[in-house]
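Coordinates in review
Residue-level listing of the chains:
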Amino acid sequence: MVGDLTDPTAVRAALVNVDAVFLVWPLLDATPAHALAEEIVQAAPRVVYLSSTAVDDHNPDQSDPIVQIHADMEALLQKAGLRPVVLRSDTLASNARGWAAQLRAGDVVAGPDFPRTAVVDERDVAAVAAAVLLAPHTHLDHGPYLLTGPELLSRADQVARLGSALGRRLRFDAVPAELARAHMLADGRPKALVEALISASLHRPESNLITDHVERLTGRPAGTFARWAADHAAEFR
Ligand SMILES: NC(=O)c1ccc[n+]([C@@H]2O[C@H](COP(=O)([O-])OP(=O)(O)OC[C@H]3O[C@@H](n4cnc5c(N)ncnc54)[C@H](OP(=O)(O)O)[C@@H]3O)[C@@H](O)[C@H]2O)c1
């Protein structure tokens, strides 16, 4: 069923006979989520929410708008009484798809730099979500689970691993925030998203978090970015 998460009528229709929900909230505004939460409360399913490892439980003000929205959403769902199972994900490997156009045109990826993180394969996040959605109620721990990949990687490390998968020598060029902003706006990305991404690149703190939560929940170790790159190489040629 296709529908807009901010349309309560569409959400109500989508929730008929549903007993478990994997909730992804990709918006930068939590306001419409109040109506969504009311619909979910009525349908009373199990809720698994996809959040971010960058959420800091000890700080009401998060590092940037993307992390703030996840902290706000976790609180909103709790307050609505939904007791979500929270999956906090590290940087998704699939973000690298945003480099595909540049790598089809040349050997350099130019973009805003970010601190190193343990980039996680989105297929592992999906496998964890499926495991939690299907777990017997008696086995359910509400987390938050911290889903990371097995190694800390900079943007340059990721580009180098893509190069190995493609058999090419690739380079990452860190672009200053002002220029990165201008490029992203020229690409047609929405202004609020561009500002959120720039803010994340400037303010997201360095992380050395690596956990075994993917393995604990799926029974197999988290995949490497090198494997992701090998599996997706064709998209960059
Ligand atoms: N990317 C990361 O590194 C990362 C890390 C941790 C957590 N997260 C979180 O994971 C979620 C997904 O991230 P992402 O990077 O994969 O995001 P994304 O590429 O922007 O994908 C968002 C998805 O949500 C859909 N969508 C957007 N607005 C919608 C609406 N009003 N109703 C229904 N669907 C809507 C989009 O559909 P269309 O394609 O049809 O527009 C798209 O499939 C976000 O909440 C993000 O904050 C991401």
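Bear in mind that the values here come from a model prediction, so they are computed numbers and not experimental data. (Residues numbered from 1 in each chain as written. Predicted model: local features only at pLDDT ≥ 70, side-chain atom pairs only at ≥ 80, totals over all residues. Heavy atoms only, no water.)

1. Some words on the side chain of Thr211
Take Thr211: it is sitting in the loop between α8 (191-203) and α9 (213-218). Exposure remark for Thr211: the relative accessible area of 18% places this residue in the buried category. At 3.3 Å, the side chain of Thr211 and the backbone nitrogen of His213 are in polar contact. Those residues within four positions of Thr211 in sequence are excluded, and the remaining contacts are Leu146 and Thr148. (Helix = DSSP H or I, 4+ residues; strand = E, 2+ residues; numbered from the N terminus. Buried < 20%, exposed > 50% of the residue type's maximum accessible area, 1.4 Å probe, protein only. Polar contact = N/O pair within 3.5 Å; in protein donor to acceptor, adjacent residues only side chain to side chain. Contact = heavy atoms within 4.5 Å.)

2. Some words on the site of the ligand
If you check the shell around the ligand, you find 15 residues, and the closest are Asp4, Leu5, His70, Leu92 and Asn95. Within the side chain of His70, a nitrogen or oxygen atom sits 2.6 Å from an oxygen atom of the ligand. Within the contact set of the ligand, an oxygen atom lies 2.8 Å away from a backbone nitrogen or oxygen of Leu92. Contact with the protein chains covers 50% of the free accessible surface of the ligand, which is 890 Å². Looking at the shell around the ligand residue by residue, the class counts come to seven nonpolar, six polar and two charged. (Near = heavy atom within 4 Å. Areas by Shrake-Rupley, 256 points an atom, 1.4 Å probe, with all protein chains shown as cover. Nonpolar A, V, L, I, M, F, W, Y, C, P; charged D, E, K, R; others polar.)

3. Description of the packing of aromatic side chains
The description of an aromatic ring pair rests on the distance of the ring centres and on the angle between the ring planes. Counting across every chain of the model gives three aromatic pairs. Both rings, one in Trp228 and one in Phe236, keep their centres 6.1 Å apart while their planes meet at 70°; by these two values the pair is edge-to-face. In terms of burial, Trp228 and Phe236 fall into one category: buried. An aromatic cluster is defined as three or more aromatic residues linked by ring pairs; in this entry it consists of Phe225, Trp228 and Phe236. (Phe/Tyr/Trp six-rings, centres within 6.5 Å; stacked < 30°, edge-to-face > 60°.)

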